[in-house]
Amino acid sequence: MKIKIIAIAIFLINLTASGMDEHKQIEKTGILLVSFGSSYASAQSAFGHIEEQAKETFPGVEVRWAFTSNIVRNILKKRGRAIDSPAEALAKMGADGFTKIAVQSLHVIPGEEFENLQRTVNAFNHIPKNTQKIVLGKPLLYHHNDIGETCAALHSVLPEERKSTDAVVLMGHGTSHQSNIYYPGLQYYLWQQSPSIFLGTVEGYPSLDEVISALKKQNAKTVWLQPFLSVAGDHAKNDMAGDEPDSWKSQLEAAGFTVNPVLKGLAEFDAINAIWIKHLKEVFNKL
Ligand code: CO
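We now turn to the structure provided with this report. (Residues numbered from 1 in each chain as written. Predicted model: local features only at pLDDT ≥ 70, side-chain atom pairs only at ≥ 80, totals over all residues. Heavy atoms only, no water.)

Points about unusual backbone geometry
- That bond from Tyr 205 to Pro 206 is cis: its omega, -5°, falls within 30 degrees of zero.
- Checked against the element boundaries, Pro 206 lands in the loop between strand S6 (197-201) and helix H8 (208-218).
- At Asn 219, a residue that is not glycine, the phi angle is positive and equals roughly 60°.
- On the secondary structure map, Asn 219 appears in the loop between H8 and strand S7 (222-227). (Helix = DSSP H or I, 4+ residues; strand = E, 2+ residues; numbered from the N terminus.)

Quick look at the pattern of salt bridges
- One pass over the full model with this rule turns up seven salt bridges.
- Glu 27 is paired through a salt bridge with Lys 100; the nearest N and O atoms lie 3.4 Å apart. Placement of Glu 27 in the loop between helix H1 (2-23) and strand S1 (29-35) and of Lys 100 in strand S3 (residues 100-105) is noted, with a sequence separation of 73 residues between them.
- Between Arg 64 and Asp 96 there is a salt bridge whose closest N-O contact spans 3.0 Å. Here Asp 96 lies in the loop between helix H4 (86-95) and S3 and Arg 64 lies in strand S2 (residues 62-67), a separation of 32 residues in the sequence.
- Residues joined in a network through salt bridges with shared partners are Glu 62, Arg 64 and Asp 96. (Salt bridge = Lys/Arg side-chain N within 4 Å of Asp/Glu carboxyl O.)

Focus: the coordination of the cobalt ion
- Protein coordination at the cobalt ion: the donors are His 173 (NE2) and His 235 (NE2), at 2.0 to 2.1 Å from the metal. Pair noted here: His 173 is in the loop between strand S5 (167-172) and helix H7 (182-193) and His 235 is in helix H9 (residues 234-240), with a separation of 62 residues, a long-range link. (Donors = N, O, S within 2.8 Å, 3.2 Å for Na, K, Ca; no water.)

Side note on the sheet that holds strand S8 (residues 258-261)
- One open sheet accounts for four strands, arranged S6-S5-S7-S8; its pairing is parallel. Each of the sheet's edge strands pairs with one partner strand only, and the pair in question is S6 and S8. The mean inter-strand angle of the sheet, taken between neighbouring strand axes irrespective of direction, is 25°.
- Across five bridges, the pairing between S5 and S7 is parallel. By the bridge assignment, Val 169 is partnered in S7 with Leu 225.
- Relative to the sheet, H7 contacts S5 and S6, its axis offset from that of S6 by approximately 175°. (Pairing = 2+ DSSP bridges. Axes fitted to C-alpha atoms, helices over the stretch in contact; angles between N-to-C directions. Contact = heavy atoms within 4.5 Å.)

A word on the nonpolar core
- With 50 residues, the main nonpolar core has Ile 31, Leu 140, Leu 141, Leu 154, Leu 170, Leu 186 and Phe 228 as its most contacted residues.
- The greatest single-element share of this core, amounting to seven residues, is contributed by helix H11 (residues 270-284).
- Counting residues in hydrophobic clusters, the runner-up holds 21 residues, among them Ala 167, Val 211, Leu 229 and Met 240. (Core = buried A, V, L, I, M, F, W, Y, C linked by side-chain atoms within 4.5 Å. Buried < 20%, exposed > 50% of the residue type's maximum accessible area, 1.4 Å probe, protein only.)

From the geometry alone we can't say anything about function, so treat these as descriptive.
Right, here's the structure in full:
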C-alpha cells in the first residue's frame, strides 16, 4: 500500500514536472537580415560581407536572411536556391523556437520596401504563441545623423585612384515614394564637403539629366561612376555600367565625359555596413 502511494506520488510529480517543461519557453534570440535581394552571384559576396560583420558584432547569435523582392526570389527558386520572404522567415523562426528577433533592413531609404517590412514585423508581433518580441532596425538613411555618417563613409570608400579634378557620380535607385527626398538631401551633405560628388537616381529625382547639367557646370572631364545601391546587381551592371546606349556610362560618354565605372555595392564596404550594424545594435539592445 505504502509503495503504491509513493509510486502514485512520483508519477504525479513527474507529470507536473514534464507539464511545466512544456510551458517553459527557453529564451532564444536571432537576427534576420532583410534585403531587396539580387539574383546576381556577385551580390552574394556583399551579402556575405555584412553577414560576417553582424556575426562578429553579435557572437553566438544565429543570423538568417530574407529577400523582399518576389521577382528576385522567384528567379533564385528556379535555380534551386530558395530564399524566404520576411513573413516566411519570421514564421520559420517562430516555429524554430526563437523568442526574440532583431530584424535589420538593408534597404537604403525608408521607402515602400521598408514600409512593407515594417507592416510584416508589426503583424508578427500580434501573432499569439509565436515569437515574443520582434524589433526592426532602420535602413541606411533615416535620422539626420545617418545622412552625415553616410556622407563621411562614402568619402572613405570612393575610388582612391581618382584625381582631385575628377568627378564622382553615384547611382541611387530612386522612388516615387515620398522618401525619395533622401537623395537630394544626401546630395546637399555631399556638396558641403566635395562639390565634385554627384548623386543621381534611376527611378527618382535627381535624374541623370540633372547630374549631367551639374557636371557640365563644373567643367568635369573624367567621371567615376559608382552605385549607391546595397549591391552591384542588375541596375549597376546594366543601367549604370552596361554598353547599351541608354546606360549611364553610354549617356555620360555621349555627353563627352571619360567614364570609369566601379562595380561595388554599398554592402561591400565596412564603413557603410557599420551604419546598418549600428541600427541593428540600437534595436537589438531593446530586445
Ligand atoms: Co529597381
